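As a plain string of letters, each chain reads:
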Amino acid sequence: MKLGNKLSAFLLIAAGLVLANFIASRLSLRWDTTHESLYTLSEGSRKLVAALNEPVRIDFYFSRSSEAVPVTYKNYATRVQEMLRQYALASRGQLTLQVIDPRPDTPEEERATTAGLTPQMLATGEKIYFGLVATQADQQKSIPSFNPQREGFLEYDLSQLVFSVQQTTKRRLGLLTSLPLQSSGPANPMMRRQPTPGQYVATEWERVFELVPIDASATELPANLDALAVIHPQRLSPKTEYAIDQFILSGKPTLIAVDPASQHFKQQAQGMMFGGPQPGASSDFSPLKAYGFTYDAQSVIGDPFFAADVQGQSGIIRYPLWLNLQKPAFNADSAATAQLSSLLLIEPGAFTFNEQPGVTYTALVQTSSEAGAVPAMTAQFAAPETIGRELKDPGTRVLAALVRGKLKSAFPTGAPEPKADEKPGADSPAKAPDQGSATSKNHLQESTSSSTLLVVADTDWLFDAYSLRRLGSYALPFNDNLAFGSNTLETLAGSPELIALRGKGSSLRPFTVVQEMEREASSRYQARLQSLDDKLAEIQHQLTELQSKKQGAQRLIATPEVKKAVDEFRKQEATTNAERRAIRKALREDIEALGNRLLLLNLFTSPLLIIAGGIWYQRSRRAA
């Protein structure tokens, strides 16, 4: 081949590579080979952005040009940016992404500050921005700062931001409860009645939702509710339960909290004579059984492992019926519980669930395997110091759970018939109206779409006394009860796509093979070290016995046998140290050999593939 032809071929190849790179950068073809598909949008997020009716602009702020930014933040920022590009691609043009590097003293930094982003201070004293602003029309929402520790919920946070920026009005939350969660209203001088302050958790809910109180005697629910919370239901009529059942089956998310021993009603019942209603007992919300739940309103759960410290007659004791739940008790894959550190539940109950086709059951909060049950009446009268001995049937108990799927109605024959005295015109021969009867056309036998139901077997955690301390107009939480209350309803009242999202793993993948090699060698090392410690303890025991045989001059005399044992120990110690060095050397050799193999693989794989491709191409041309 002539020199001119060779030069032309080289230029054509170079131009081909540039063109191929350009085309590849324009294509959305990707192959996510990461564990748990970290860089791939879930189906719920795809549906969420595909349903966008109005354009949404996403401004991603990250101080990438700052030299002091840790590598961890740079890697996480790259992941956030890649995920945002996935959202933009899935939105089909409705979501636009703008990446901004807010340098100090620039208009970009001023925009970040105006949008409410929170600057993060580095150890060098430098200030960086790492946040997100979503804008739709005149509505603006933001993530003030990203935290790499929340990487598992990155997709949920992004989807939640896109969803919330489209909401122009508060969502309506129906609240049916027998507890004084809301304030009783302004003072009434005519009635000489002072207002009763509500619980802080209701204040938090009012910040996000329009709370719609529902009377326990209501036979219908208010219209246009987005979600429903039924807290400590007591003696609900069948009609009320039917209305709740149909609301759940319509696909609207619902929170139901029951309690076998409400502390509020226990205090209310103090001084009552025997023969009245059982103090503190929660009514059994009967539709739960139809949804697959078993709940015993007469049993309280205790857990010695998570027992809280309380004041007893003999001082501070660990009381197993007050559960101070910690990290291991929470579902790490649920947005409602993953970030919780502690929960305080007071004499809770528990749920069991019977598997049903088409229904997904997820335990959110559960006890340790040491938990047991005790009758609520026994828990009421037994001494706190002895209640632990009353716990029966040890095993893990589910205290809160999330159920999603096609649920069956608890009223398979339709709405309950009204009682004789409830029928309109009972004295007249007129026929009762069709609405609400067993033949009602609107009756749902099963969920029209996927129903979402979250259940909690305690209600005391909602009270300020067990969750926070008020300091004037401020609240100082001493556990995560308040956060659990907010997370639960915000998760439920979001879009169905948001509820379906689960946490993903971290992009920081540990070198598990290396760690396993280290653990194996360490195990051998620890075994030898333990053997050495045992021998050392035996020699020290012999020396102690020798000290007790002091003679008149208080001079320590060692027998030849002990001297021989000490010499033997020293020899064994030297031998063990040599073995220890050998093990460490072998450990380093194994790890270094693994590193060398990976290095060679990375260096020569691509060239070998190119050479193999060239050989194949050359042979193909000769064969032709």
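For the structure itself, look to the data block above.
Anyway, here's the lowdown on the structure attached to this text.

What counts and how
- Throughout, residues of each chain are indexed from 1 in the direction in which the sequence is written.
- Note on the predicted model: pLDDT of at least 70 is required for a residue's local features to be given, and 80 or more for side-chain atom pairs to be given and counted; whole-chain, interface and lining totals, by contrast, use all residues.
- With hydrogens and water set aside, each side-chain value is computed from the structure's full complement of heavy atoms.
- Secondary structure elements are defined from DSSP: runs of H or I of at least 4 residues count as helices, runs of E of at least 2 residues count as strands, and each element is numbered from the N terminus.
- Three labels apply to residues, based on accessible area from a 1.4 Å probe with only protein chains included: buried if under 20% of the type maximum, exposed if over 50%, partly exposed otherwise in between.
- Note on definitions: a residue-residue contact is assigned when non-hydrogen atoms from the two residues lie within 4.5 Å.
- Surface accessibility follows the Shrake-Rupley procedure with a 1.4 Å probe radius. Residue values consider only the protein chains on display as shielding.
- Two strands pair if DSSP finds at least two bridges between them.
- Note on definitions: angles span 0 to 180 degrees between N-to-C directions of axes, and those axes are lines fitted to C-alpha atoms, for helices only across the stretch in contact.
- Note on aromatic contacts: the rings of Phe and Tyr and the six-membered ring of Trp form a pair at centre separations within 6.5 Å, being stacked when their planes are under 30 degrees apart, edge-to-face when over 60 apart, and tilted otherwise.
- Angular relationships are summarised with four words: roughly parallel below 35 degrees, roughly antiparallel beyond 145, roughly perpendicular across 65 to 115, and oblique for the angles in between.
- We call a crossing left-handed when the near helix sits turned anticlockwise from the far one by less than a right angle, and right-handed when that turn is clockwise.

Considering the overall build of the chain
Reasoning step 1: Secondary structure summary: the chain contains 14 helices and 22 strands in total.
Reasoning step 2: Each of the 624 residues in the chain was classed as buried or not, and the buried ones make up 41%.
Reasoning step 3: Considering only residue pairs separated by 6 or more positions, the chain has 74% of its internal contacts joining residues 24 or more positions apart.
Reasoning step 4: A total accessible area of about 35,800 Å² is found for the chain, and carbon and sulfur atoms account for 55% of it.

Comments concerning the sheet that holds strand β6 (residues 139–143)
Reasoning step 1: One open sheet accounts for four strands, arranged β2-β1-β5-β6; its pairing is mixed. The open sheet terminates on both sides in strands that have one partner only, identified here as β2 (95–100) and β6. For this sheet, the mean inter-axis angle between neighbouring strands, taken without regard to orientation, is 15 degrees.
Reasoning step 2: Both strand β1 (residues 56–62) and β2 contribute to a ladder of six bridges, which runs parallel. Looking at the pairing, Y61 lines up with I100 of β2.
Reasoning step 3: Across the sheet, helix α3 (residues 71–90) touches β1, β2 and β5 (130–136), and the angle it forms with β1 is around 170 degrees.
Reasoning step 4: Each of β1 and β2 touches helix α4 (residues 107–114); the most contacted strand, β1, lies at about 115 degrees to it.

Digging into the packing of aromatic side chains
Reasoning step 1: Tallied over the entire structure, the rule returns 16 aromatic pairs.
Reasoning step 2: Ring centres 6.1 Å apart and planes at 55 degrees place the aromatic pair Y73 and F130 in the tilted group. Here Y73 is found in helix α3, whereas its partner F130 is found in strand β5, with 57 residues between them in sequence.
Reasoning step 3: Its relative accessible area of 1% is what places F130 among the buried residues.

Here we look at the packing of helix α2 (residues 43–50) against α3
Reasoning step 1: Interaxial distance between α2 and α3 falls to 8 Å at its minimum, and their mutual angle equals 55 degrees. Between α2 and α3, the crossing angle belongs to the class labelled oblique. For the element pair α2 and α3, the recorded crossing hand is right-handed. Counting all contacts with α2, which are made through S45, R46, V49 and A50, the residues of α3 involved are Q86, Y87 and A90.

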